[in-house]
Amino acid sequence: MKKLFGLILKILGILFLLLLASGYGFYQYLFEREPLYHEVEIPEVKANLDKWQDQKFGLFMHWGTYSQWGVVESWSICGEDEPWCYRKTDNYAQYKKDYEALKYTFNPSAFDPEKWADAASEAGMKYLVFTTKHHDGFCMFDTKTTDYKITSPECAFHENPKANVTKEVFDAFRGKDFMIGAYFSKPDWNSEYFWWPNFPAPDRNVNYSIEKHPDRWQSFVEFTHAQIDELMTDYGKIDILWLDGGWVRPLTSMEVSISQFVDGIFSDVGYTQLHIPQNQDLDMAGIAAKARIKQPGLIMVDRFVEGEEENYLTPENYIPDTYDPRPWESCITMAGGWSYSPDAQYKPARQIIHALVDIVSKGGNLLLNVGPAPDGTWPDEVYERLEEIGAWMKVNGAAIYASKGREDFKEGKVSFTVSKNGSLNAIYLADENETQPPSEIVVQGLSTSDDTQINMLGYGKLNWEKVSGGLKIIIPDEVRKNPPCSYAWSFNILNAN
Ligand code: GLC
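These remarks concern the structure in this document. These figures come from a predicted structure and were not determined experimentally.

## A closer look at the pairing of strand E10 (residues 424–429)
Across the six residues that make up E10, a large majority, six, are buried. Here E10 shows no split at all, with Leu-424, Ala-426 and Tyr-428 on one side and Asn-425, Ile-427 and Leu-429 on the other all buried. Pairing analysis gives five bridges linking strand E9 (residues 414–418) to E10, with the strands arranged antiparallel. Opposite Thr-417, over in E10, you have Asn-425 as the bridge partner. The hairpin turn running from E9 into E10, its antiparallel successor, is five residues long, and Gly-422 in that turn takes a positive phi close to 90°.

So this is what it looks like as structure tokens:
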């Protein structure tokens, strides 16, 4: 019997590998499944979502007490034997105590959100998503629901006039016309209603039986609703409620994958995240309805829980292979991890700019993450990257903002976006050592007319020639020797379809 079972498992494994090898990729499979994305029907939300889709480039920030140790956000207190939960200790109980004690010493005395907002705005970013509470449960806002918060009298920073950092960050970025997003973790590893101290917590999920202890779960639901209500009430206009921790979800939604976009963690769907399936239902529809009384246009992002409250899709550290007309955003780190690390390796500006172009040409937004240091500063590399990106955006913004992607999003080294007036932007992505644009660029699949015009962003009108099936852009020496920017050059093509 056992042997037969083993054999069946083996056959299933081989079939799965064949499916992957067949090129019919997992993500593609998930993309094509229905139902996946629910169209937004509330007019105020739809209007805000359309506006958000035009912004294209946002800033993500992961900041919390964990930043003091320069370790991964929250995960080092999670009981799973996974590489992202790694901790330097052989005594978990002591480690967790020390981790929780980080609240006493968190003191970001150089915190200057205006400086961040200035730099992000100069880089061309248009919206913000900030960790108001990560999985560890530490509130970066002045909640009344717990004392595990930055404004607690026990926290070193509490007397600072800017102690309610969420409010300060939101105000500073709103002052630069950013759309404002509150990242909020549904799981809360500090709440006794989620990880009941009566039991050990074996993994990321609730650690008691909800069926046996419905009142405790109900208390967690109320606690979560109360915290979200505070954020929706006392922090000005909020555009996005970005809810992380997709494994906290109603049991009925579990047949649908929770990690359709997360690269390479297919096994998690079957193993880690769903390992003790429970009905972790937070009444998301209730949260949305209550929140929208105060924030009528609120975009809900209940990540990976396919339903009414996932108003846009959030591939994580991953850019989909194809164009997708549904609203989506890739969140991607600027350095290795989400949280601050003293020895982080920052991605070069060219790579980030190319990722932005690739995402926009496929119809999405880029949410680029920065991890602030424990003293409230950003590392120099962050400013350096943002400055380079800003220089590029100042020249090429017209090919990015308010543009749409396109089914044929790329041809060779040229990515395409479509502007609101219907003109096409051809963005040539330079190789690593390519500092000058080529002398000519051919774009296929276009029919030209006498009215066709080519405009190089940051320079001006260029000549072009008709070629079979398209056109050839001619780039004069003068521009090649002195290009308007580095890493990628944009050509607006008017009156050619
Ligand atoms: C992953 C990480 C989580 C992080 C999130 C950001 O899910 O586990 O810690 O906040 O990515 O998208």
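From this point, the discussion proceeds with the structure in view.
## Looking at the environment of Ile-474
By secondary structure assignment, the location of Ile-474 is in strand E15 (residues 470–474). Accessibility expressed as a relative area gives 24% for Ile-474, which makes it partly exposed. Spatially, the C-alpha atoms of Ile-474 and Asn-463 are 5.5 Å apart, while their sequence positions differ by eleven residues. The contacts of Ile-474, once residues within four sequence positions are left out, are Ser-439, Leu-462, Asn-463, Trp-464 and Glu-465.

## Digging into the sheet that holds strand E13 (residues 460–462)
A sheet is described by the order of its strands in space; here six strands give the open sequence E8-E9-E10-E16-E12-E13, paired in antiparallel fashion. Either end of the sheet is taken by a strand with one partner, and the two such strands are strand E8 (410–411) and E13. Bridging between E10 and strand E16 (residues 488–494) involves six bridges; their strand directions are antiparallel. Within the sheet, the bridge partner assigned to Leu-429 lies in E16 and is Ala-488. Contacts from helix H10 (residues 349–361) reach E9, E10 and E16 within the one sheet, and its direction differs from that of E9 by about 50°. Contacting E10 and E16, helix H11 (residues 380–396) runs over the sheet at an angle of about 15° to E16.

## A closer look at the sheet that holds strand E14 (residues 464–467)
The antiparallel open sheet is built from three strands, whose spatial order is E11-E15-E14. Strands at the two margins of the open sheet, each flanked by one partner only, are strand E11 (440–444) and E14. The average undirected angle you get between the axes of adjacent strands in this sheet is 20°. By the bridge criterion, four bridges tie E14 to E15 in an arrangement that is antiparallel. The residue of E15 that forms the bridge with Lys-466 is Leu-471.

## Focus: the environment of Glu-80
Following the sequence through the fold, Glu-80 ends up in the loop between strand E1 (57–61) and helix H4 (92–105). Accessibility expressed as a relative area gives 7% for Glu-80, which makes it buried. C-alpha of Glu-80 to C-alpha of Pro-202: the two residues are 122 residues apart in sequence and 6.6 Å apart in space. A distance of 2.8 Å separates polar atoms of two side chains, one belonging to Glu-80 and the other to Arg-204.

## Section: helix H5 (residues 113–122)
For H5, the set of buried residues is Pro-113, Trp-116, Ala-117, Ala-119 and Ala-120. All buried residues of H5 project into a common sector of 165° when viewed along the axis, lining one side. Residues of H5 that are buried sit in contact with E1, helix H6 (165–174) and H11. Gly-124, located one to two residues past H5, shows a positive phi value of around 95°.

## Some details on the pattern of salt bridges
Two side chains of opposite charge can pair, provided their charged atoms sit close to one another. Tallied over the entire structure, the rule returns 25 salt bridges. Across the pair Lys-96 and Glu-100 runs a salt bridge, and its minimum N-O distance is 3.2 Å. Taken together, the positions of Lys-96 and Glu-100, both in helix H4 and four residues apart, correspond to about one turn of that helix. Among the salt bridges present, the one from Lys-237 reaches Asp-239, with a minimum N-O distance of 2.7 Å. For Lys-237, a relative accessible area of 48% translates into the label partly exposed. Classification of Asp-239 by relative accessible area gives buried; the value is 3%. In the salt-bridge network here, residues are joined through shared partners; they are Lys-103, Asp-147 and Glu-154.

Cut-offs and rules
Residues numbered from 1 in each chain as written. Predicted model: local features only at pLDDT ≥ 70, side-chain atom pairs only at ≥ 80, totals over all residues. Heavy atoms only, no water. Buried < 20%, exposed > 50% of the residue type's maximum accessible area, 1.4 Å probe, protein only. Helix = DSSP H or I, 4+ residues; strand = E, 2+ residues; numbered from the N terminus. Pairing = 2+ DSSP bridges. Contact = heavy atoms within 4.5 Å. Axes fitted to C-alpha atoms, helices over the stretch in contact; angles between N-to-C directions. Polar contact = N/O pair within 3.5 Å; in protein donor to acceptor, adjacent residues only side chain to side chain. Arc of directions from axis to C-beta. Salt bridge = Lys/Arg side-chain N within 4 Å of Asp/Glu carboxyl O.

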